[in-house]
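The lines below spell out each chain.
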Amino acid sequence: MSSWRSAVAAHFRRTEGKLTLVVVGVLVCAVVAGLTGALSAHDRADLLDDMAYRRGGLNTAAGEVYRALADADATAFSVVLVTGERVAVQRQAFRDDVVAATAALDYAAKVVPEVTPVTRLNQLTSQGFRGQLATAALTPSEALAVLSSLLPIYTGMVESGWVYTSRVDPVGTSYLNEASLMVRGTMLEIAKRLRDAEPPSGVNDFPWFATTVGLLVLAVLLWCQRFLARRTRRRFNAGMVAATALTAVAFGWLLIASTVAAAHATASAQRSARLLEPLTEVRAEARGLDGDEARALIFPLIGDTVTLTAKLDAIDNKLNQVRGGDLDAGTARTLEGAARTVTDWRRSIERDFSPDRPGYGEIAADITAHEELKETLDAVIAQAGADVDGSILDARTAVSGTGAGVVVLMALAALAGVAGLWPRIAEYR
Amino acid sequence: MTAARRLAALLCALAASACAVAPRAALPRPTAPEPQMPTLTSAAPAPAPEPCRGTTKTIRPTGTELTGIPSGTTVAEIRARGLRVGVSQTAGRLSSRNLQTGEVSGLEADIAFEIARAIWPDRDPGQVRAQIQYIAMPTRDRFIALDTDENHRAPSATTVATVDMIVADASVTCQRVDTYGARFSVPYLETRQGLLTWRGTDGVWDPRQGVAGKRVCSGAGTINIDRITQRGGIAVPAVDTTDCLVQLQRHQVEAVSTDDVILEGFHDQDPNTEIFPGFVDDVDVAAVAVARQDEDLLRVVNAVLERMRRGEMDALYRKWFGQATTRRMPPADYEGG
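Residues numbered from 1 in each chain as written. Chains lettered and ligands numbered in written order. Predicted model: local features only at pLDDT ≥ 70, side-chain atom pairs only at ≥ 80, totals over all residues. Heavy atoms only, no water.

**Regarding the pairing of strand 13 (residues 284-291) of chain B**
Regular strands have side chains that alternate between both faces of the sheet. All names here are of chain B. Our working rule: A simple rule labels every residue: compare its accessible area, found with a 1.4 Å probe on the protein chains alone, to the largest value its type can have, and call it buried under 20%, exposed over 50%, or partly exposed in between. Helix and strand assignments follow DSSP, with helices taken as H or I runs no shorter than four residues and strands as E runs no shorter than two, numbered in order from the N terminus. Strands qualify as paired when DSSP identifies two bridges or more between them.
Most of strand 13 sits inside the fold, with 7 of its 8 residues counted as buried. Strand direction decides the pairing type here: strand 6 (residues 165-166) and strand 13, joined by 2 bridges, are antiparallel. Among the inter-strand pairings, Ile166 is bridged to a residue of strand 13, identified as Ala289.

Right, here's the structure in full:
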């Protein structure tokens, strides 16, 4: 036993044995580096997939639910102010929005497969909890389940409201008011908070672990070459130089890809926070104000002018905040047009709700006609949404193939190292 | 570090998946959520101290016939800018708005028109109609819309006092005089609080036997809601009384209790309901309410109502409550008898 041990020890004391150890070292380094690089790239790709598909899907759906419900709320009121065929047209527009919201909820459910238990759902939608529902911390699956169960109730109330109002039954106004309260006070708030544009943690991080491993592997390879140069009296070993170069390329690639991906992901999140989210809110609040104006006409309350003006001020402020940011020329021009529309709107509110206001029919026509802000913003919102999605896809493209590339490069590095060392070992046989 | 964690997680997941199979999530069958009534955030003012400090008596008009243009500061102001009338707008036979035309119709709208005609005797009736601006008064908030010192002291800052008079089935109570600084006119309607529930209650309870333990809805800040509590019912206050009909139809309350005229309006809208009169023995009278200081306006209103007592009001009752109605305009209670 001891003779076997001493034989092995003697072998590794000889240069031939030490070179064999170097080969093993190079192989271990290549495996560790390949695995680390591949996992790091895979990790980031996973986070970006989550951002692009899960969160991206959920955010897109949430944005659509938010838009559709805000439009539905405005239409629910304006239906009672129009006459003739426009009644049918507006009612159909409302139903289209409800179906759009349902489709968006269905779409979101595809990326959030968790099922909310029935007891939890009943607790969330119970009468006692309703006051807190809009501000409660809900998981995406809970938010989707709550929205799905409130939507048919909301729709039923609006349709009941229409039937009663068309028969000039005053309870119709109560139905429409309560429906609006439900969609504004609860459903729109939940849909707004369902959006989560924050990039998942880690997606913007510098790949410290992989970089450290890469540098260590390079150091080991360089040390091997120094050892080789001393023992074999040859300045360079072509195989080892190639292995070192391939490792440097692999980790350089990983580093660049990760940095580019992080930059794209950050750009996407920033674009979402600076443009997409505030404009989506401005649009919904504008639709809310459309509904408020209709309500103020059909159910005039004390202090209406103050309420309407305050809401327009909020829209104006939010829009100006977006306009103050860094915008491209096209967007800036479009938003300038939106700001002009807000100014016109202020004038029409002042006229329509002043003591010497025009007749009911004229105000009704005015309220149901102006939707310029919606149309102006729709174009910018669509573009911003496409840009946000585009940046995430760019980020994902940057890291795609990186994992496999690192593995292949490290395999080549291992081959090169072995190929370079093998003739040196053979010389001692 | 994430790569290392990931490797560990991968191994754990592999180990776990080898021995455990998660069951499929159960299919949920949730109950239908109930709609929510407008919340009662801006609480109604505290009840006025007993006994009554103000007066529920009204002022005798200077004449029962309107011959010339009425005088007085408030009336002159109204003639210059138009008449703002607070109406319920959701009480079927009293005042309801056709949302497509904006026209308000009902007994109270007709009374408001007669008052406007007296304010503008020099104008064509067609023009007079355009001078009236109706403001919707959710039941609870009716009286805070009057331009009185009491209302200006009230904490609700968003409320702007804007109406000249309230014609919204407002029962004459001393509390309203003391709390809101209101002054009432000659009463134009006698009402009695009744109970409305489904036509046929499955024999589970007989509404004639009382409302003990039952959820009964009524307008917030009304005398009706106190009477429900006094009779052992669970009072459910609504900002606007018509929200109570929604509550009943949505099976959120078991009955609605308010003035019989309003219940008749509810029954018109939902024939699946039945009115049970005689919930209380008390008789309430509804009158036009104005701000305490607007005595000149109150005299005009009383002159109009006294004129209408001679036949016009009966015709209006028949128009809005049916030919068989037995309603009679209640007597006036004037200061100094």
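**Details of the domain arrangement of chain B**
Residues and elements named next belong to chain B. Definition in use: Residue ranges assigned to the domains are those given by an automatic or database domain assignment. Residue contacts are counted whenever heavy atoms from the two residues lie within 4.5 Å of one another. When two components associate, each loses some accessible surface as probed by a 1.4 Å sphere; the sum of these losses over both components is called the buried area. Throughout this description, the term salt bridge denotes a Lys or Arg side-chain nitrogen within 4 Å of a carboxyl oxygen of Asp or Glu. Counted as a polar contact is a pair of N or O atoms within 3.5 Å, where, for protein atoms, one must be capable of donating a hydrogen and the other of accepting one, and residues adjacent in sequence contribute only when both atoms are in side chains. Residue classes follow a fixed rule: Ala, Val, Leu, Ile, Met, Phe, Trp, Tyr, Cys and Pro count as nonpolar, while Asp, Glu, Lys and Arg count as charged, and any other residue, Gly among them, counts as polar.
For chain B, the assigned domains read domain 1 (73-191 + 283-321) and domain 2 (193-276). Listed as interface residues are 18 residues of domain 1 and, on the opposing side, 19 residues of domain 2. Buried surface at the junction of domain 1 and domain 2, summed over both partners, amounts to about 1500 Å²; 47% is from carbon and sulfur atoms. Joining domain 1 to domain 2, the criterion identifies 3 salt bridges. Taken together, the links from domain 1 to domain 2 amount to 5 residue pairs in polar contact (both at pLDDT 80 or more). Of the residues contributing to the side of domain 1 that touches domain 2, the split by class is 6 nonpolar, 6 polar and 6 charged.

**Overview of the packing of helix 6 (residues 140-166) of chain A against helix 7 (residues 171-194) of chain A**
Residue and element names in this part refer to chain A. The condition is simple: Axis definition: a line fitted to C-alpha atoms, over the contacting stretch in the case of helices. Angles run 0 to 180 degrees between N-to-C directions. Each angle receives one of four descriptions, namely roughly parallel if under 35 degrees, roughly antiparallel if over 145, roughly perpendicular if within 65 to 115, and oblique otherwise. What makes a crossing left-handed is the near helix being turned counterclockwise from the far one by less than a right angle; a clockwise turn instead makes it right-handed.
The geometry of helix 6 relative to helix 7 is characterised by a closest axis approach of 8 Å and an angle of 160° between their N-to-C directions. Between helix 6 and helix 7, the crossing angle belongs to the class labelled roughly antiparallel. Note on packing geometry: the crossing formed by helix 6 with helix 7 is left-handed. Class assignment of the residues belonging to the contact of helix 6 with helix 7 gives a composition of 23 nonpolar, 6 polar and 1 charged.

**Overview of the state of the cysteines**
Here a disulfide denotes a covalent bond joining the sulfur atom of one cysteine to the sulfur atom of another. Note the threshold: By definition, disulfides here are pairs of cysteine sulfur atoms that lie within 2.5 Å.
Enumeration according to the criterion identifies 1 disulfide over all chains in this entry. The disulfide partner of Cys217 of chain B is Cys244 of chain B, and the S-S distance across this bridge is 2.0 Å. Residues Cys217 of chain B and Cys244 of chain B share a disulfide whose torsion about the S-S bond is about -70°; that sign makes it left-handed. One end of the pair, Cys217 of chain B, is in strand 9 (residues 215-219); the other, Cys244 of chain B, is in helix 8 (residues 242-249), and 27 residues separate them in sequence. Taken as a pair, Cys217 of chain B and Cys244 of chain B share a single burial class, namely buried. The thiol sulfur of Cys29 of chain A is not disulfide-bonded, and the nearest other cysteine sulfur, from Cys224 of chain A, lies at 6.8 Å. Judged by relative accessible area, Cys224 of chain A falls into the buried class, the value being 4%.

**Some points on the UniProt feature "transmembrane region" (unreviewed entry) in chain A**
All names here are of chain A. We apply this condition: UniProt positions are given in the numbering used here, feature names are shortened, and annotations may be inferred rather than shown by experiment.
If you check UniProt for "transmembrane region" (unreviewed entry), the listed places come out as residues 21-41, 206-224, 236-256 and 403-422 in our numbering. Helix makes up 100% of residues 21-41 and strand 0%. Its end C-alpha atoms lie 30 Å apart. As a span, residues 236-256 carries 90% helix and 0% strand, and end to end its C-alpha atoms are 29 Å apart.

**Concerning the side chain of Glu281 of chain A**
Residues and elements named next belong to chain A. Relative to the helices and strands, Glu281 is located in helix 9 (residues 238-298). A relative accessible area of 18% means that Glu281 is categorised as buried. If we skip the residues at most four places from it in the chain, Glu281 touches Tyr66, Lys192 and Lys318.

**Regarding the interface of chain B and chain A**
Taken residue by residue, the interface counts 52 residues in chain B and 50 residues in chain A. Between chain B and chain A the total buried area reaches about 4200 Å² when both faces are included, carbon and sulfur atoms providing 60% of it. Of all the secondary structure elements, the ones that give two or more residues to the side of chain B that touches chain A are helix 1 (2-19), strand 2 (90-91), strand 3 (95-97), strand 5 (132-136) and helix 8 of chain B. Taken together, the residues of the side of chain B that touches chain A sort by class into 25 nonpolar, 20 polar and 7 charged.

**A word on the pattern of salt bridges**
All names here are of chain A. Inspection of every chain in the model, using the stated rule, returns 49 salt bridges over all chains. With a closest N to O distance of 3.2 Å, Asp316 and Arg346 form a salt bridge. One end of the pair, Asp316, is in helix 10 (residues 304-323); the other, Arg346, is in helix 11 (residues 329-352), with 30 residues separating them in the sequence. Since its relative accessible area comes to 18%, Asp316 is described here as buried. Of the charged contacts in the structure, one is a salt bridge between Arg340 and Glu336, with a shortest N-O distance of 3.5 Å. In this pair, Arg340 and Glu336 both sit in helix 11, 4 residues apart, roughly one turn of the helix. For Arg340, a relative accessible area of 51% corresponds to the exposed category. Among the residues examined, Glu336 registers a relative accessible area of 39% and is labelled partly exposed.

**So, unusual backbone geometry**
Residue and element names in this part refer to chain B. With a phi angle near 70°, Gln89 is a residue other than glycine that sits in the positive phi range. By the secondary structure assignment, Gln89 is in the loop between strand 1 (83-87) and strand 2. Under the relative-accessibility criterion, Gln89 is labelled buried at 1%. One non-glycine residue, His251, adopts positive backbone phi at about 60°. As for its position among the elements, His251 is in the loop between helix 8 and strand 11 (255-259).

**Here we look at the sheet that holds strand 2 of chain B**
Residue and element names in this part refer to chain B. Read from one edge of the open sheet, 3 strands run 2-3-4, paired in antiparallel fashion. Each having just a single partner strand, strand 2 and strand 4 (104-105) make up the two edges of the open sheet. Pairing of strand 3 with strand 4 involves 2 bridges; the strand directions are antiparallel. Following the sheet pairing, Arg97 is matched in strand 4 by Val104.

**Brief notes about the packing of aromatic side chains**
The way to describe two aromatic rings as a pair is by their centre distance and the angle between their planes. What counts is decided by this rule: Stacked, tilted and edge-to-face are the three classes applied to pairs of Phe, Tyr and Trp rings, where Trp contributes its six-membered ring and a pair requires centres within 6.5 Å; stacked means planes under 30 degrees apart, edge-to-face means over 60, and tilted covers the rest. Two conditions define a charge sitting above a ring: the NZ of Lys or the CZ of Arg must be within 6 Å of the ring centre, and it must be within 35 degrees of the ring normal.
A full pass over the atoms with the stated rule returns 8 aromatic pairs over all chains. When the centroid spacing of 5.8 Å and the interplanar angle of 15° are considered together, the rings of Trp223 of chain A and Phe227 of chain A count as stacked. Taken as a pair, Trp223 of chain A and Phe227 of chain A lie in helix 8 (residues 208-232) at a separation of 4 residues, close to a single helical turn. Its relative accessible area of 49% is what places Trp223 of chain A among the partly exposed residues. Here Tyr317 of chain B and Phe321 of chain B contribute two aromatic rings whose centre-to-centre distance is 5.9 Å and whose plane-to-plane angle is 45°, an arrangement assigned as tilted. Within this pair, Tyr317 of chain B and its partner Phe321 of chain B are both found in helix 11 (residues 312-321), separated by 4 residues, close to a single helical turn. Here the two residues Tyr317 of chain B and Phe321 of chain B agree in accessibility, since each one is buried. Three or more aromatic residues joined by ring pairs make a cluster, and in this case those are Phe94, Tyr154 and Trp162 of chain A. Across the ring face of Phe113 of chain B, the terminal group of Arg129 of chain B is positioned such that the distance to the ring centre comes to 4.0 Å.

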